[in-house]
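Coordinate inspection notes
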Amino acid sequence: MWLTFGFAVLVAVLVLYVPGYLVGRGLRLDRFVSVAVAPAFSVFALVALGVVFFAVGITCSAWVLLLACVVLCLLVFAVCGGVRRAKGGTSCSSPSALGDVRLQVGLYVGVAVFVAALVFLHAMGDPASFSRNDDTTVHLSVVRGFLDSGTYSTLNVTKYLDLGEAGWYYPAAWHVVTVVVASLVGNQVALATNAMILVVCVFVLPVGLLFLLRQLFPDSKLALYAGSLFSVAFCGYPWGFVVFGQLLSNLLSFALIPGALGLLISSLNASGPSKSGFAVAYACSMISVALAQPNGAFTLGIWSVAFAVSHLWSKRSDGYWSGKRTAIILCFIACAAWVLLFVAPPLQGVVTYSWKSTLSIPKAIVAGLLFMFTNREGVQPFLTVLVLLGIAKTLKDRRLRWLSVSYIAAFSFYVIDVTTDGFVKQLLTGFWYTDYYRTGAMTALFAIPLAALGFAWFVKLGTGLLGKMRFGRQGSNNSCVVAMVLVVLLAVCQFAPVRFAFGETDVRPGLMKIHAEVGSRYSWEKGLTSEEDEFVKRVMSIAGGDCVVNVPSDGSCWSYGVEGLNTLFRRSATAGPSGSEPYATVLRTKLCDCAASDEVREAVEKTGARYVMLLDEKSYDDRTVVKFRYKEEDWVGIESITQDTPGFTLVLSEGDMRLYRIG
């Protein structure tokens, strides 16, 4: 299974990087930049093709969608090359020093792989497992629906695509990419999802971050190399999205942001023909960020406006005051756009959604500074020190001050989000659903460059102190010693297997807390257990594509997404396919009366139900049920069925699991 998982990771890397790299080269970006931002172009092309194919009525296998994507990107590469040659332009922007870049990419990816192996892969245990989260029922079902229906439009997304249900818009860029990966590994949706999580965390985010930091710290190799320690070091992001939700759309969207911001910085700092290439690439990247999850575009917008204002404020080429005037105008335009989008009718369902406040202001500030965010209970105090040092460093460097401004703004959004209710909260955080996990993740993302800057400054301070104390020789040797000590200290603070009580809170190092959460959520002993999953496979061999009535809270809410079983209820809730509500209600509450009730028999006929599956028979004590949204009275018609109930024939029985044929 791990070999298949490794192949899925390779496939995910190729899907995300090969098509997009061609577009980057076509836009005259150098090799490293083209690699760093390739996922954004690939996502853009795959999503666009999925929408177009659906609009013209084309259904196809997911590998055909990938093939079309590659052909489209090759066409863009050829056309851009032809236009460039016709104009007599150069082939690409100023190349990077490939030797340094290769070393840096290896370091960033290597550190990310090490952390992910400890935090995610080891805790996950089985690459074919999945997170027993409520949102995961939707994510897995959407990917499975794309596979079964042969359509991949983000404008037509639903858990019941295989049944022909008309869908609606959902930011499903993640799902479109994942379905391509799944189609090439035997339609193993859960395994492909895990492979995508790993690739986003150890390739997309670190390499994009490296590109960004090369723009931010061109004169500080120490800060640049230090950045490799922090791309996946924060609990809030990326790991918070892996264990909460799962918020997979946001995971991808935020991972594309550093590369997109790097393009903006390159565009504003570039001159000549390469400037337009960077500008077009930035626009495409921002669209991809929004396609993955719209709140990512607002996150990128905050960072982008902060940099652009700083850049314009210090610009003197067109007159000292003209730059400042432009910066002020840009601020007003950004604020006006924010308000206009806040009142825009299409976004009202998002910006009016509200999470209740949960913390007092002092607790929120402490939780935010320790990068614990709400009740995550995993503290990261060493990162706190480094980020605060980074902020102090920016106070001495006007060029980087906007990094602290962005971080403080995001931190303020998080505090307002988790401590207040009302209009101000909705205005500032409504684009993130007023979800403090998302605003906390934004804060963590903005903290990464500051941590790298703080680490580099810490090394310099320590080196100077050692020099004054005459320990060893001054210079690089002392710097290496200090850096190694800090790395060890960071590792201890992140991975020490300790825990302690802080009031009523059980606190442990942040990444160890994430490890524990991944292990708990991916466990085959809860929700849909390993035995139940094997039973579902046996049911599939009997039922085929026939509709199976189920009680989703017994773990069967995941059985469609994970195994492809055509269940009637695909989330831990009472809703079935659209249009089936009256009949689904009858089945939930009265199915046991099928032999004597015309109403029930009509409902069975209308829904096409042929079987009833129970993964946790009611009379057993060791049931592995999901309590979320579950009310016993909602399911009495199904859970009351036994082998003695008229109108039902027992087909399979194992432990507390049953399969009945209706009629």
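See the structure printed just above.
Residues numbered from 1 in each chain as written. Predicted model: local features only at pLDDT ≥ 70, side-chain atom pairs only at ≥ 80, totals over all residues. Heavy atoms only, no water.

On the basis of which strands lie adjacent, the open sheet formed by 4 strands has the order β4-β5-β7-β6 and mixed pairing. The two strands at the open ends of the sheet, each matched to only one other strand, are β4 (547-550) and β6 (648-654). The mean angle between the axes of side-by-side strands here comes to 25°, regardless of whether they run parallel or antiparallel. Inspection of the sheet shows β4 paired to strand β5 (residues 609-614) by 4 bridges, in the parallel sense. Across the sheet, N550 pairs through a bridge with M613, a residue of β5. Packing of helix α22 (residues 530-543) onto the sheet brings it into contact with β4, β5, β6 and β7 (657-662), and relative to β6 it is tilted by some 140°. (Pairing = 2+ DSSP bridges. Helix = DSSP H or I, 4+ residues; strand = E, 2+ residues; numbered from the N terminus. Axes fitted to C-alpha atoms, helices over the stretch in contact; angles between N-to-C directions. Contact = heavy atoms within 4.5 Å.)

The next point concerns a nonpolar patch on the surface. A contiguous nonpolar patch, built from F7, L10, L14, V18, W63, L67, V71 and L184 and spanning about 730 Å² of accessible area, is present on the exposed surface. Of all elements in the fold, only α1 (2-26) and α3 (62-87) reach the threshold of two or more residues within the nonpolar patch. It is α1 that contributes the most residues to the nonpolar patch, 4 residues altogether. Mapped onto the secondary structure, F7 falls in helix α1. (Patch = residues over 30% accessible without salt bridge, like charges linked within 9 Å, V, L, I, M, F, W, Y side chains within 5 Å. Areas by Shrake-Rupley, 256 points an atom, 1.4 Å probe, with all protein chains shown as cover. Salt bridge = Lys/Arg side-chain N within 4 Å of Asp/Glu carboxyl O.)

Moving on to the packing of aromatic side chains. A full pass over the atoms with the stated rule returns 32 aromatic pairs. Relative to Y522, the ring of F120 lies with its centre 5.9 Å away and its plane at 85°, an arrangement referred to as edge-to-face. With a gap of 402 residues between them, F120 in helix α4 (residues 98-124) and Y522 in the loop between α21 (510-521) and α22 connect regions that are remote in the sequence. Each member of the pair, F120 as well as Y522, is classed as buried. With a centroid separation of 6.3 Å and an interplanar angle of 65°, the aromatic rings of F298 and W432 are classed as edge-to-face. Taken together, the residues F298 in helix α12 (residues 294-313) and W432 in the loop between α18 (423-429) and α19 (436-468) connect sequence positions 134 residues apart. Among the residues examined, F298 registers a relative accessible area of 14% and is labelled buried. (Phe/Tyr/Trp six-rings, centres within 6.5 Å; stacked < 30°, edge-to-face > 60°. Buried < 20%, exposed > 50% of the residue type's maximum accessible area, 1.4 Å probe, protein only.)

What follows concerns the packing of helix α10 (residues 248-269) against α19. For any two helices packed against each other, the geometry is given by the interaxial angle and the distance between the axes. Running from N to C, α10 and α19 point in directions that differ by 25°, and their axes come no closer than 11 Å. Considered as vectors, α10 and α19 are oriented roughly parallel to each other. In this structure, the crossing between α10 and α19 has a hand that is right-handed. Facing N250, F254, I257 and P258 of α10, the residues of α19 in contact are R438, A441, M442 and L445. Per-class residue counts for the contact of α10 with α19 are 6 nonpolar, 1 polar and 1 charged. (Parallel < 35°, antiparallel > 145°, perpendicular 65-115°, else oblique. Left-handed = near helix turned anticlockwise from the far one by under 90°. Nonpolar A, V, L, I, M, F, W, Y, C, P; charged D, E, K, R; others polar.)

Time to look at the pattern of salt bridges. As enumerated under the stated definition, the model contains 15 salt bridges in all. In this structure, the salt-bridge partner of K425 is D417, at a minimum N-O distance of 4.0 Å. Taking the relative accessible area as the measure of exposure, K425 reaches 1% and is therefore buried. The residue D533 makes a salt bridge to K537 at a minimum N-O spacing of 3.9 Å. Highlighted residues: D533 and K537, both in helix α22, separated by 4 residues, approximately one helical turn. Given the relative accessible area of 37%, K537 is considered partly exposed. Put simply, D134, D135, R571 and R629 are held in one network by salt bridges that share partners.

Interpretation in functional terms is not warranted from these geometric data alone.
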